[in-house]
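Chain by chain, the residues run as shown.
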Amino acid sequence: MDIAFEDILRKQDLDRDEIQVLLAAEGDRMQALLRRGLEVKLSHLDNCVHLRGLIEYGNVCEKDCLYCGLRSGNGRVERYRLSDEEVLSCARLAYELGYGSVALQSGERSDPEFIATIERLVREIKKIGGGSLGVTLSLGEQSEDTYRRWFEAGAHRYLLRIESSTEELYYKIHPRNEKHSFRKRLGCLESLMRIGYQTGTGVMVGLPFQTPGHLADDLLFFKRMDVAMVGLGPYIPHPDTPLYRLRDLVPPAEKRMDLTLKMIAVLRILMPEINMVAATANQTVDPQGREKAIAAGANVIMPNLTPGEYRESYFIYPDKACVKDQPDQCKSCLDIRLAAIGHKILYNAWGDSLAFTKKKDAR
Ligand code: 5AD
Ligand code: SF4
Ligand code: FES
């Protein structure tokens with residue numbers, strides 16, 4: 001390996017050009033980068049993986065993102081929403097399995113009934129085990145007032161991926177209309193941070209038209225925003241969406257996986273103390289994808305708790321992992337898979353982002 005590359009690898013404050021050098025690494029260089037991601041993680045955090053039991057509340061969505069199977073324009077999905085009792089029994093299961101936190105996710109809705117239901121559900125979830133479950137929401141763009149209501153109900157983390165931090169690329173993967181505004185999305189992230197949520201964002205890797213420069217800008221965007229959490233995953237073309245037509249512009253699965261891992265490792269170097277999700281999409285492009293993401297610097301996994309009968313209706317992208325597995329199967333499966341790479345699950349803990357906790361304590 002040449003000295004220039006080794007030098008870049010040892011830095012923490014990487015600039016755009018240096019990030020691109022790292023993202024272009026292949027073979028031995030790529031392996032050295034992934035090892036560095038792990039090394040930085042272990043020196044700032046530990047070998048513990050935090051779990052968020054994922055509850056896919058509903059797949060009704062007002063939006064029409066060009067890549068997503070749940071888009072309102074897709075007439076081939078059977079739409080569902082969980083009853084309060086179904087959500088709460090998932091949350092109780094998370095508590096019994098020792099997951100420590102749940103993440104409530106759904107298609108985007110902003111009607112008053114939805115807002116009130118989520119508020120009620122968050123309050124009920126917080127009662128389980130006397131407030132012992134951490135609550136993450138991933139429910140899209142909402143008004144600051146709505147975000148505040150849910151925060152006051154007890155939610156303390158929120159995930160809203162920017163999808164691409166480059167406005168031009170954003171509008172290549174979203175319709176250009178008032179429902180899909182890049183500026184509004186940025187505003188939502190700012191609202192979430194202002195309210196005091198542990199705020200997470202992220203992008204898809206391997207999108208049509210996406211360049212290494214875009215990806216470097218995404219990483220610098222996370223850093224500039226000083227977010228507490230990031231979720232990165234490969235883009236997976238969905239046949240019932242408009243973007244599928246451009247699938248020839250999408251790198252092969254192996255390349256998308258490698259690029260995702262390199263993004264994780266570089267981001268771990270740039271932001272050593274954030275929480276980073278090993279997205280389930282990783283496992284769709286590579287059976288070992290999530291473990292590889294953990295071994296490159298990620299530290300959070302979101303095992304699915306959605307009742308089996310609904311899982312096949314939550315096809316954001318095709319071939320989602322664990323669709324036929326029961327929650328307790330995933331739990332033992334994860335224990336074994338993580339032990340094999342020298343990691344362990346931290347049970348019964350919220351698993352807050354160290355970056356966030358430190359910032360809060362400093363205030
Ligand atoms: N491939 C990969 N990820 C996708 N998402 C939506 N559609 C796809 C796809 N086809 C991701 C988006 C969104 C999250 C809920 O799922 O990043 O924010
Ligand atoms: Fe709806 Fe989210 Fe899918 Fe966009 S990505 S269509 S907002 S579920
Ligand atoms: Fe679900 Fe392995 S994590 S079966």
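Located above this text is the structure these notes cover.
Peer 1: Could you clarify how one ought to interpret the overall build of the chain in this entry?
Peer 2: Assigned secondary structure in the chain consists of 15 helices and 10 strands. Whereas a compact globule of 363 residues would reach a radius of gyration of roughly 21 Å, the chain reaches 19 Å, a difference of no more than 12%. Along the first, second and third principal axes, the C-alpha atoms of the chain reach 60 × 45 × 40 Å. Expressed as a percentage of the 363 residues in the chain, the buried residues total 59%. When contacts within the chain are restricted to residue pairs at least 6 apart in sequence, long-range pairs at least 24 apart make up 76% of them. Approximately 14800 Å² of the chain is accessible, and the part contributed by carbon and sulfur atoms is 50%.

Peer 1: Is there a simple way to think about helix α10 (residues 253–270) in this case?
Peer 2: Because an α-helix completes one turn every 3.6 residues, residues spaced three or four positions apart along the sequence face the same direction. Here α10 is 18 residues long and its end C-alpha atoms lie 26 Å apart, about the 26 Å a rise of 1.5 Å per residue gives. Within α10, 13 of the 18 residues are buried, leaving the element largely enclosed by the surrounding structure.

Peer 1: Help me understand the site of ligand 1, please; the structure alone is not making it clear to me.
Peer 2: In the vicinity of ligand 1, the contacting residues are Tyr67, Cys68, Arg161, Glu163, Met204, Pro234, Tyr235, Ile236, Ile316 and Tyr317. Side-chain polar atom of Glu163 to an oxygen atom of ligand 1: 2.5 Å apart, as the coordinates give it. Contact between ligand 1 and Ile236: a nitrogen atom at 2.7 Å from a main-chain N or O atom of the residue. Contact with the protein chains covers 86% of the free accessible surface of ligand 1, which is 400 Å². The residue inventory of the shell around ligand 1, partitioned by class, reads eight nonpolar, no polar and two charged.

Peer 1: Is there a simple way to think about the site of ligand 2 in this case?
Peer 2: Taken together, Cys61, Lys63, Cys65, Tyr67, Cys68, Leu70, Arg71 and Gly107 make up the full set of residues near ligand 2. Among the residues forming the shell around ligand 2, the class breakdown is five nonpolar, one polar and two charged.

Peer 1: How do you make sense of the nonpolar core when you look at a structure like this?
Peer 2: Side chains of nonpolar character tend, in soluble globular proteins, to be buried together. If you look at the biggest cluster of nonpolar residues, it comprises 105 residues, and the most contacted ones within it are Leu137 and Phe222. Residue contributions to this core peak at nine residues, all from α10. Discounting chain neighbours no more than four positions away, the residues touching Leu137 are Leu104, Ile118, Val122, Trp150, Ala155, Arg157, Tyr158, Leu159 and Tyr197. One finds Leu54, Val277, Val300 and Phe356 within the second-largest nonpolar core, a separate group that totals nine residues.

Peer 1: What is the right way to look at the side chain of Thr241 in this model?
Peer 2: Structurally, Thr241 can be placed in the loop between β7 (229–234) and α10. At 2.6 Å, the side chain of Thr241 forms a polar contact with the backbone oxygen of His238. Not counting residues up to four positions away in its chain, the partners in contact with Thr241 are Leu66, Tyr67, Cys68, Gly69 and Arg71.

Peer 1: Hey, could you run me through the pattern of salt bridges in this one?
Peer 2: In a structure, side chains of opposite charge can pair up when their charged atoms sit close to one another. Counting across every chain of the model gives 30 salt bridges. The closest approach of N and O atoms between Lys11 and Glu18, which form a salt bridge, is 2.6 Å. A relative accessible area of 14% means that Glu18 is categorised as buried. The partner of Arg157 in a salt bridge is Asp352, and the shortest N-O contact between them spans 2.7 Å. In this pair, Arg157 sits in strand β5 (residues 157–159) while Asp352 sits in the loop between β10 (344–345) and α15 (354–362), placing the two residues 195 residues apart along the sequence. The exposure class assigned to Arg157 is buried, which follows from its relative accessible area of 0%. Look at the salt bridges and you will find they share partners, linking Lys63, Glu108, Glu141, Glu163, Lys184 and Arg185 into a network.

Peer 1: Teacher, can you tell me more about the packing of aromatic side chains here?
Peer 2: In this description, an aromatic ring pair is defined by two values, namely the gap between the centres and the angle between the planes. Using the criterion set out here, one finds 10 aromatic pairs in the structure. Here a set of aromatic residues connected by ring pairs shows up, and it is made of Tyr147, Phe151, Tyr158 and Tyr197. Positioned above the aromatic ring of Phe209, the side-chain terminus of Lys172 is 5.1 Å from the ring centre. The aromatic ring of Tyr171 is capped on one face by Arg176, whose charged end is 4.1 Å from the ring centroid.

Peer 1: I would appreciate a short explanation of the pairing of strand β1 (residues 48–51) in the present structure.
Peer 2: The two faces of the sheet receive side chains in turn, since in a regular strand these alternate between them. Burial of the side chains of β1 extends over both faces: Cys48 and His50 are buried on one face and Val49 and Leu51 on the other. For β1 and β10, the ladder comprises two bridges, and the chain directions are parallel. Residue pairing for β10: Val49 is matched across the bridge by Ile345. As judged from the two bridges shared by β1 and strand β9 (residues 300–301), these two strands associate in the parallel manner. Bridge pairing links Leu51 to Ile301 in β9.

Peer 1: Just to check I follow, could you spell out the packing of helix α2 (residues 16–23) against helix α9 (residues 212–225) for this structure?
Peer 2: Between two packed helices, both the angle of their axes relative to each other and the distance between the axes serve to describe the pair. Direction vectors running N to C along α2 and α9 enclose 120 degrees, while the axes themselves pass 9 Å from each other. When the interaxial angle is binned, α2 and α9 end up oblique. For the crossing formed where α2 meets α9, the hand is right-handed. Between α2, through Arg16, Ile19, Gln20 and Leu23, and α9, the contact on the second element is made entirely by Pro212, Gly213, His214, Leu215, Ala216, Asp217, Leu219 and Leu220. Class assignment for the residues of the contact of α2 with α9 results in seven nonpolar, three polar and two charged.

Peer 1: What is the right way to read helix α1 (residues 3–10) from this model?
Peer 2: Residues of α1 that are buried include every one of Phe5, Ile8 and Leu9, and no others. The buried residues of α1 occupy an angular sector of 100 degrees when projected down its axis, which confines them to one face. Exposed residues lying more than 90 degrees from the buried face of α1 are Ile3 and Arg10. Elements that come into contact with the buried residues of α1 comprise α2 and α3 (27–44).

What counts and how
Residues numbered from 1 in each chain as written. Chains lettered and ligands numbered in written order. Predicted model: local features only at pLDDT ≥ 70, side-chain atom pairs only at ≥ 80, totals over all residues. Heavy atoms only, no water. Helix = DSSP H or I, 4+ residues; strand = E, 2+ residues; numbered from the N terminus. Rg over C-alpha atoms; globule rule 2.2 N^0.38 Å. Buried < 20%, exposed > 50% of the residue type's maximum accessible area, 1.4 Å probe, protein only. Contact = heavy atoms within 4.5 Å. Areas by Shrake-Rupley, 256 points an atom, 1.4 Å probe, with all protein chains shown as cover. Expected span 1.5 Å × (residues − 1). Near = heavy atom within 4 Å. Polar contact = N/O pair within 3.5 Å; in protein donor to acceptor, adjacent residues only side chain to side chain. Nonpolar A, V, L, I, M, F, W, Y, C, P; charged D, E, K, R; others polar. Core = buried A, V, L, I, M, F, W, Y, C linked by side-chain atoms within 4.5 Å. Salt bridge = Lys/Arg side-chain N within 4 Å of Asp/Glu carboxyl O. Phe/Tyr/Trp six-rings, centres within 6.5 Å; stacked < 30°, edge-to-face > 60°. Lys NZ or Arg CZ within 6 Å of the ring centre and 35° of its normal. Pairing = 2+ DSSP bridges. Axes fitted to C-alpha atoms, helices over the stretch in contact; angles between N-to-C directions. Parallel < 35°, antiparallel > 145°, perpendicular 65-115°, else oblique. Left-handed = near helix turned anticlockwise from the far one by under 90°. Arc of directions from axis to C-beta.

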